[in-house]
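Single-letter residue listing:
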Amino acid sequence: MTHRTGNLLTDRPELYEARFPDPLRLAGRWAEHLLRRYGAGPQVLDLGCGTGRDAARLQAAGRRVTAADLSGTMLAHARAHHPGPAYVQADLSRFDLGRDAFDAVVCLDSSLLYCHTNEQLDGFLSSVSRTLVPGGLLVAEMRNGAYFLGRDEPPAAPSHSRFTWHGTTYRSAAVLRVDRAAQLLRRTRVWTADDGSAPVEEQSAWRLLLPQELRHFLTVHGFDVLALYDGPGPRTEPAWRPGDEPGRHAADGDRLHLVARSSPKTSAGTPLGEWA
């Protein structure tokens, strides 16, 4: 069996889009709705852009989008299949794309949770704060760490899924485990395909952030939390629909949705509160 760290689908963007089709571009439309609701300017940075579908949707809505991802394979696919945004390679836990360069930063599909450590999360928020104009918006969507509080462990038996693309059927068996010491949701997944290729076992993980913990990190980095709620969103059940407003400040669901505004800065770019 072949072993890899990460996600097989990030190496095969066409498979990612086949496994997770989004013909209505719901995530991009949800993000655009919030950008409009909270009055964001046109310059937008999409962090963890993946295949580029959401970035292209924001561009089509009239934004000027820069889209960043760590995976060169994903970026090549995005440039070829979802043109319009400017695509750049960057590590979201530490990047420098210019000071006061963007009116808003969007981070969807739990991309923020690949910051596994406090240092990585600090690096992400420092980088976002630096690249946003004073009063710029951060819009994010992710798994909700609080969803796992007081609940039974994830099932020990694997969960199974399958999809077919270009005549080949792909099957996966995935097991989730909560690593409480590291605050990570760890996944072991085995992929098989009926094309004769060898099975692939992969390991991946997401940080489990609690809502108040996330508020604290944001406050430390000079953000004002405008909304933090469990639904509706692009991956909730039922899913967000055009016209839906942000939900109440609850964290019972398995997704968490964030809107935060960066603080005003001095001419040197330092948050005003840091002079104390």
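Rules used throughout
Residues numbered from 1 in each chain as written. Predicted model: local features only at pLDDT ≥ 70, side-chain atom pairs only at ≥ 80, totals over all residues. Heavy atoms only, no water. Helix = DSSP H or I, 4+ residues; strand = E, 2+ residues; numbered from the N terminus. Rg over C-alpha atoms; globule rule 2.2 N^0.38 Å. Buried < 20%, exposed > 50% of the residue type's maximum accessible area, 1.4 Å probe, protein only. Contact = heavy atoms within 4.5 Å. Areas by Shrake-Rupley, 256 points an atom, 1.4 Å probe, with all protein chains shown as cover. Phe/Tyr/Trp six-rings, centres within 6.5 Å; stacked < 30°, edge-to-face > 60°. Lys NZ or Arg CZ within 6 Å of the ring centre and 35° of its normal. Pairing = 2+ DSSP bridges. Axes fitted to C-alpha atoms, helices over the stretch in contact; angles between N-to-C directions. Expected span 1.5 Å × (residues − 1). pLDDT = per-residue confidence, 0-100. Polar contact = N/O pair within 3.5 Å; in protein donor to acceptor, adjacent residues only side chain to side chain.

1. Quick look at the overall build of the protein chain
In terms of regular secondary structure, the protein chain is built from 7 helices and 12 strands. A compact globule built from 276 residues should have a C-alpha radius of gyration of about 19 Å, and the protein chain, at 19 Å, falls within 12% of that. The C-alpha extent of the protein chain, read off along each of the three principal axes, is 60 × 45 × 35 Å. The burial tally for the protein chain puts 50% of its 276 residues in the buried class. Put simply, of all contacts in the protein chain between residues at least 6 apart along the chain, 65% involve residues at least 24 apart. Of the roughly 12,900 Å² that the protein chain leaves accessible, carbon and sulfur atoms contribute 51%.

2. Here's the deal with the packing of aromatic side chains
Under the definition given, this model contains 5 aromatic pairs. Centre to centre, the rings of Tyr-114 and Trp-206 are 6.3 Å apart; their planes meet at 45°, and the pair counts as tilted. Residue Tyr-114 is located in the loop between strand 5 (102-107) and helix 6 (118-131), and its partner Trp-206 is located in strand 10 (residues 200-207); the two are separated by 92 residues in the primary sequence. Consider the rings of Phe-163 and Tyr-170, whose centres lie 5.3 Å apart with planes at 15°: the pair is stacked. Each member of the pair, Phe-163 together with Tyr-170, is buried. Three or more aromatic residues link up through ring pairs in this structure, and these residues are Phe-163, Tyr-170 and Trp-191. Stacked on the ring of Trp-206, the Lys or Arg Arg-143 has its end atom at 4.6 Å from the ring centre. Positioned over the ring face of Tyr-147 is Arg-151, at 3.9 Å from the centre of the ring.

3. Considering the sheet that holds strand 12 (residues 255-262)
Spatially, the 7 strands line up as an open sheet ordered 4-3-2-5-6-12-11, and their pairing is mixed. This sheet does not close on itself; its edge strands, each paired only once, are strand 4 (86-89) and strand 11 (223-229). If you compare each strand with its neighbour and ignore which way they point, the axes differ by 20° on average. Sheet topology note: the strand 3 (residues 64-69)/strand 4 ladder contains 4 bridges and is parallel. From the neighbouring strand, Ala-68 faces strand 4, where its bridge partner is Val-88.

4. Brief notes about helix 3 (residues 26-37)
At 3.6 residues per turn, the α-helix brings residues three or four places apart onto the same side. Spanning 12 residues, helix 3 covers 16 Å between terminal C-alpha atoms, matching the ideal 16 Å at 1.5 Å per step. Among the residues of helix 3, Leu-26, Ala-27, Gly-28, Trp-30, Ala-31, Glu-32, His-33, Leu-34 and Leu-35 are the ones counted as buried. Contacts from the buried residues of helix 3 go to strand 2 (43-47), helix 4 (53-60), strand 5, strand 6 (132-143), strand 11 and strand 12.

5. Re the confidence of the model for the protein chain
Residues with a pLDDT of 70 or more make up 94% of the protein chain, whose mean pLDDT is 92. Overall, residues 266-276 carries pLDDT values under 50, and its contacts beyond four positions in sequence, including any with other chains, amount to 12 contacts.

6. Some points on the side chain of His-221
For His-221, the location among the structural elements is in the loop between helix 7 (211-220) and strand 11. A distance of 3.4 Å separates polar atoms of two side chains, one belonging to His-221 and the other to Ser-126. Apart from the residues within four sequence positions on either side, His-221 is in contact with Asp-122, Leu-125, Ser-126 and Ser-129.

7. Side note on the pairing of strand 12
Among the 8 residues that make up strand 12, 7 are buried, leaving the element largely enclosed by the rest of the structure. Inspection of the sheet shows strand 6 paired to strand 12 by 7 bridges, in the antiparallel sense. Bridge pairing in strand 12 places Ala-140 opposite Leu-258. When strand 11 meets strand 12, the two strands line up antiparallel, connected through 6 bridges. The partner of Phe-223 across the bridge, within strand 12, is Ser-262.

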